[in-house]
Amino acid sequence: MHEIRLNGEWEVKGFWPWVPLKGTSMEIGSELMGVTEWLPASVPGGVHRDLHAAGWIEHPYRDLNSLNCEWVENRWWVYKTTFEVPEEPGDRIELVCKGLDYEAIVMLNGQTLGEHANMFVPAVFDVTEALRGQRTAELRIVLKHSPDEMGQIGKTSETFTQKSRFNYKWDFSTRLVNIGIWDDVCLRVHECCSFDEIGLFTDADEKGGRIEIRASVRRKRLDDAREAGNPACGGASVPDDEYGACELEARILSPSGEVVRTLRQPFEQERCSLVADIPQPRLWFPNGYGEQPLYKVRLRLLQGERVLDERTHRTGIRRLEYRRNEGAPDDSLLYTFVVNGVPIYIRGANLTPLDHLYGNVENDKYAWMAEAAARANMNMLRIWGGGLIEKEILYELCDRLGLLIWQEFIQSSSGLDNEPSRKPEFLKRLTETAEHALRTKRNHVSLTVWSGGNELMSEPDRPSTCADPNLAMLRELVKKHDPGRLFLPTSASGPVQYITREKGVSHDVHGHWKYEGNPAHYSLYGEADHLFHSEFGVDGVSSPRTLRKFLSEAHLKPVSMRDDPVWRHHGEWWDTYDRDVELFGEFRDLTEFSRASQWMQAEGLRFILEANRRRQFQNSGSLVWQLNEPWPNASCTNLIDYELEPKMAYYWTQKAFASAHAALDYRKLNYEEGETFAGELFFFRGPKRSAASVRAELLNAAGVVLASWTYEARAGEGNVAELGPLRFAAPRTDDGLFFVRLRAEEDSPERAAASDNLYVFSTRPDRFYRPARDFAGAELVWEAEGEWSDRETSFAEAEECLTLPALRRIFRVTNRGTSAALHVHPYERTGGYRLLSSDAYFSLFPGESRTVAIDLFAIEADVFADTKAAIRDADTPGDRAVFSQVPTPEIAFAHFNEPDREAREPE
């Protein structure tokens, strides 16, 4: 079998409902011309992108423009293309539409092939006879108006489709319901026999590694083959009521490319399996615990020496197990994930769809997002149930980067009720989605756990269980198709839904999503006893650079969402204005507001992550809500905003997730002068449990060390070393602020500085952090080392579609002023690149320096942008990116209280 993509020249046209099936008026006989003209269409893609390119709608993500686009979901849209029929048609040709969003009628040369209604299951049609004798063919796909499905507020029990619900309006998105062809359209050309279903399952123990391959074939009966003029599919000696003889060949290649095993197994029936033993395998580990070597599995379907079909997969060899948490009650579910005998502390995030127009998301954006997660020391992504069963590219990237996948089926809470739907139509579609997802995603070594959906509850604050027939059905499907992986009925999985101060009732919980205030935030999370924390967050305002792209000038000011409908439209739930004014005072401009808001987001998240990690493996992991956002919110709980600008919380999460990390437990931000500061110090370390020395310093804003202490973590005393108490009298300082800095002693000053963890406290009774806005003595200078150079990506040996070109340069930044430069971070002035730094939002006291590696990526984040920023030179050897048609990079550094320079438009 081979595929021929039909993603070339397409056109799309809008119509009133049902008109495409009628064509002419019954009354007067004239043509029903439609709503739009025929427009160039992007496939894969969404109608909104094509309408914007043709000038039919304004940019939907700016101001309130999306409100003017809601007519699009209520029209029918017809896609059409013409393609050449393959000269060598094989024995059978299928038309495969991998992602029709949503309800579709598929027509070939004017004849209806069939209808389809599930965006997560391919629509497949046998077109062998329809194409026989044809040189070209016209394909039309009629997409009906979007179904009236539930948004975030509604009734889960009334859901009836398998269509992504987030773009019907969610707290992190607007209502912009995608309609279009969101994945590839192709022809599959088959010989008389071809692979149908492939299953790869790996394991390892002290004896070695194993790759089990399970395959099934689809075969055409010999009389059908002969009637089609293809006698090569069998011979006269084979009885007419039997299938032709087929054989499975598996060739296993090591991560370095050597053939390690070749095996053959005949198909006695339509299914067969074989096991390849791999001596001394290179084991696959999650990010931060080891390497991610992938073995190549080449499968061929043979008839004698004739190759009828072939497939190539990559997989890692590892043993995956599940355990109860330390000290967990007997009725708890299994929340500790064990890979190759090593318990893995989960450090991850929730991934939403990358855009409202998920069909228009390019591979480089997937690659950038996965790389950003791995760089943040994450080892798991939860693919949320209100979003997507994602495209294959994401799972391939996670295999390569060691990002475990928590995959939810497409169900989510709705507020008015959260009970899993039992509608027969819904259960039929859900079964189709689940079976297709199980058969395809199980082959990824990164896939770790299946979940029935998001926040499904049989009653308020009580997560649903497998006593619900919907979830019981899904559990049985997982047992049938992927029996080695864990199934959780929902997330959170109870016995209560939300984090609580009540003890002994929290297993896997969600919440909260706000900074809970001082001191309530610190007592709630610092004293919690949940076993797993699969969703929680803190909100923060987006960067001024992003806001300037999507908000008009009148709205670029500090404001509460109560008072500005445009801000409300871009993140109504995530208003931080009152919170931030209470801590920092009234703001003078947007940049001050954004920096203060991001500070509190980072502060709140860091404490939660460190509090959870202090209880490792009583608590077995944290999944931040959320890594990304699908449209530009003015404020949200995301770590990375729509324009791929990492927020301060991203870098503080990166530090809190580091393998070696010193942390402070405290219960409030403000103290009276002379009051005893009472904290506890901890040191987190990886599975090697190496010895470490941690220095704690008490400083003022001028960098004067008022006191210092040294703590020792002895080797082998657990993944979390309790270093001891930190006690001192809150000092009098000129500005009312004092700082506690923790530094793990390393083999070089640079490495030691990179491990800094700084906490800011105040002796003021209110507006604790107001003085930080007025530090006047900080002065940053920086210098570059060498020139910009191409950087090899984390997946440089992968196929072209998995590469992520970047430019790298080393910078050294110094504070040569007289007061602290808080939250120092680099930015790229031209706006032509997306930036990831080895470190950012660190603080430098007078005379201190930090060296950082900055990587620039020429990626266009906005799917409505007219052009891509980077192009590749086809004549350049290898996978080296040539960054042309983009400006020369300009790097600068900013800190918390400097004037608003980074938000200005590039000259």
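Residues numbered from 1 in each chain as written. Predicted model: local features only at pLDDT ≥ 70, side-chain atom pairs only at ≥ 80, totals over all residues. Heavy atoms only, no water.

**A look at the sheet that holds strand β5 (residues 92-97)**
Quick note on the threshold: Only when DSSP finds a minimum of two bridges between them are two strands counted as paired. Under the scheme used here, helices are H or I runs from DSSP no shorter than 4 residues and strands are E runs no shorter than 2 residues, and both carry numbers assigned from the N terminus. Here the axes come from fitting lines to C-alpha atoms, over the contacting stretch only for helices, and the angles between their N-to-C directions go from 0 to 180 degrees.
Reading across the sheet, the 4 strands line up as β1-β13-β5-β9 and stay open at both edges, with antiparallel pairing between neighbours. Since the sheet does not close on itself, it has two edges, and those belong to β1 (2-5) and β9 (123-126), each with one partner. Ignoring which end each strand starts from, the neighbouring axes of this sheet average 25° apart. Where β5 lies against β9, 4 bridges are found, and the strand directions are antiparallel. Looking across to β9, one finds that valine 96 is bridged to valine 124.

**Quick notes on the environment of glycine 45**
Let me state the cut-off plainly: A contact between two residues is defined here by any heavy atoms of the two lying within 4.5 Å.
For glycine 45, the position within the fold is in the loop between β3 (39-41) and α2 (47-53). The spacing of glycine 45 and lysine 13 is 32 residues in sequence and 14 Å in space, taken between C-alpha atoms. If sequence neighbours within four positions are ignored, glycine 45 has contacts with Tyr79, Gly180, Ile181, Trp182, Gly359 and Asn360.

**Brief notes about the packing of aromatic side chains**
Quick note on the threshold: Only the six-membered ring of Trp is used, alongside the rings of Phe and Tyr, when aromatic pairs are assigned; centres must lie within 6.5 Å, and planes under 30 degrees apart are stacked while those over 60 apart are edge-to-face, with the rest tilted. Each residue's exposure class comes from its accessible area (1.4 Å probe, protein chains only) as a fraction of the maximum for that residue type: buried when under 20%, exposed when over 50%, partly exposed otherwise. Put simply, a charge is over a ring when the Lys NZ or the Arg CZ is close to the ring centre, within 6 Å, and near the line of the ring normal, within 35 degrees.
Scanning the model with the defined rule gives 53 aromatic pairs in all. With centroids separated by 6.5 Å and ring planes inclined at 85°, the aromatic side chains of phenylalanine 677 and phenylalanine 738 adopt a geometry described as edge-to-face. Of this pair, phenylalanine 677 sits in strand β39 (residues 676-684) while phenylalanine 738 sits in strand β43 (residues 737-744); the two residues are 61 residues apart in sequence, bridging distant segments of the chain. Pair check on accessibility: phenylalanine 677 and phenylalanine 738 agree, each one buried. The structure contains a cluster of three or more aromatic residues connected by ring pairs, namely Tyr515, Tyr522, Phe607, Tyr666, Tyr671, Phe677, Trp709, Phe728, Phe738, Tyr759 and Phe761. One cation-aromatic arrangement involves arginine 214 over phenylalanine 201; the distance from NZ or CZ to the ring centre is 4.2 Å. Arginine 850 extends its terminal NZ or CZ atom over the ring of phenylalanine 842, reaching a point 4.5 Å from the ring centre.

**Remarks on the pairing of strand β34 (residues 532-536)**
Threshold: Whether a crossover is right-handed comes down to one check: with the strands pointing away from the viewer, does the path from the first strand over the helix to the second run clockwise; if it does, it is right-handed.
Burial of β34 is extensive: 5 of the 5 residues sit out of reach of the surface. Bridging between strand β33 (residues 506-510) and β34 involves 3 bridges; their strand directions are parallel. What sits directly across from histidine 510, in β34, is glutamate 535. Each parallel crossover has a hand, and the one from β33 via helix α9 (residues 520-526) to β34 is right-handed. Two strands pair when backbone bridges link them, and β34 and strand β36 (residues 621-624) are joined in this way by 2 bridges, in the parallel orientation. By the bridge assignment for β36, histidine 533 is matched with serine 622.

**Examining the sheet that holds strand β47 (residues 821-828)**
Spatially, 3 strands are ordered β49-β47-β51 in an open sheet, and the strand pairing comes out antiparallel. With one partner strand each, in any of the chains shown, β49 (842-844) and β51 (891-894) form the two edges of the open sheet. Across the sheet, the mean angle from the axis of one strand to that of its neighbour is 40°, orientation sign disregarded. Relative to β49, β47 runs antiparallel, the two sharing 2 bridges. Bridge assignment links valine 824 to a residue of β49, and that residue is phenylalanine 842.

**Regarding a nonpolar patch on the surface**
Let me state the cut-off plainly: Like-charged residues are merged into a patch within 9 Å and nonpolar side chains (Val, Leu, Ile, Met, Phe, Trp, Tyr) within 5 Å, provided each residue has over 30% relative accessible area and no salt bridge. In this description, accessible areas are obtained by the Shrake-Rupley approach with a 1.4 Å probe, and a residue is regarded as covered only by the protein chains that are shown. Salt bridges are defined as contacts in which a side-chain nitrogen from Lys or Arg sits within 4 Å of a carboxyl oxygen from Asp or Glu.
Taken together, the side chains of Ile153, Leu416 and Trp573 present a nonpolar region at the surface, about 360 Å² in accessible area. Take tryptophan 573: it is sitting in the loop between α11 (565-569) and α12 (577-584). Under the relative-accessibility criterion, tryptophan 573 is labelled partly exposed at 41%.

**Some details on the state of the cysteines**
The line we're drawing: By convention in this document, the label disulfide applies to cysteine sulfur atom pairs within 2.5 Å.
Per the counting criterion, the structure on display carries 0 disulfides. This cysteine, cysteine 193, is not joined by any disulfide, and cysteine 246 carries the nearest cysteine sulfur, 3.3 Å off. Under the relative-accessibility criterion, cysteine 193 is labelled buried at 2%.

**Quick look at the environment of leucine 706**
Among the structural elements, leucine 706 can be located in strand β41 (residues 705-713). Classification of leucine 706 as partly exposed rests on a relative accessible area of 39%. Separated by 309 residues in the primary sequence, leucine 706 and leucine 397 have C-alpha atoms spaced 48 Å apart. Residues within four places of leucine 706 in sequence aside, it is in contact with Leu698, Leu699, Asn700 and Pro731.

**What about unusual backbone geometry?**
A cis amide bond links glycine 511 with the next residue in sequence, histidine 512, at an omega value of -10°. Mapped onto the secondary structure, histidine 512 falls in the loop between β33 and α9. Omega for the peptide link from tryptophan 625 to glutamine 626 comes to 15°, which places this bond in the cis form. Turning to its location among the elements, glutamine 626 is positioned in the loop between β36 and β37 (635-636). Residue aspartate 63 is not a glycine yet carries a positive backbone phi of 45°. Tracing the backbone through its elements, the reader meets aspartate 63 in the loop between α2 and β4 (76-84). Phi at tyrosine 841 is positive, roughly 60°, even though this residue is not glycine.

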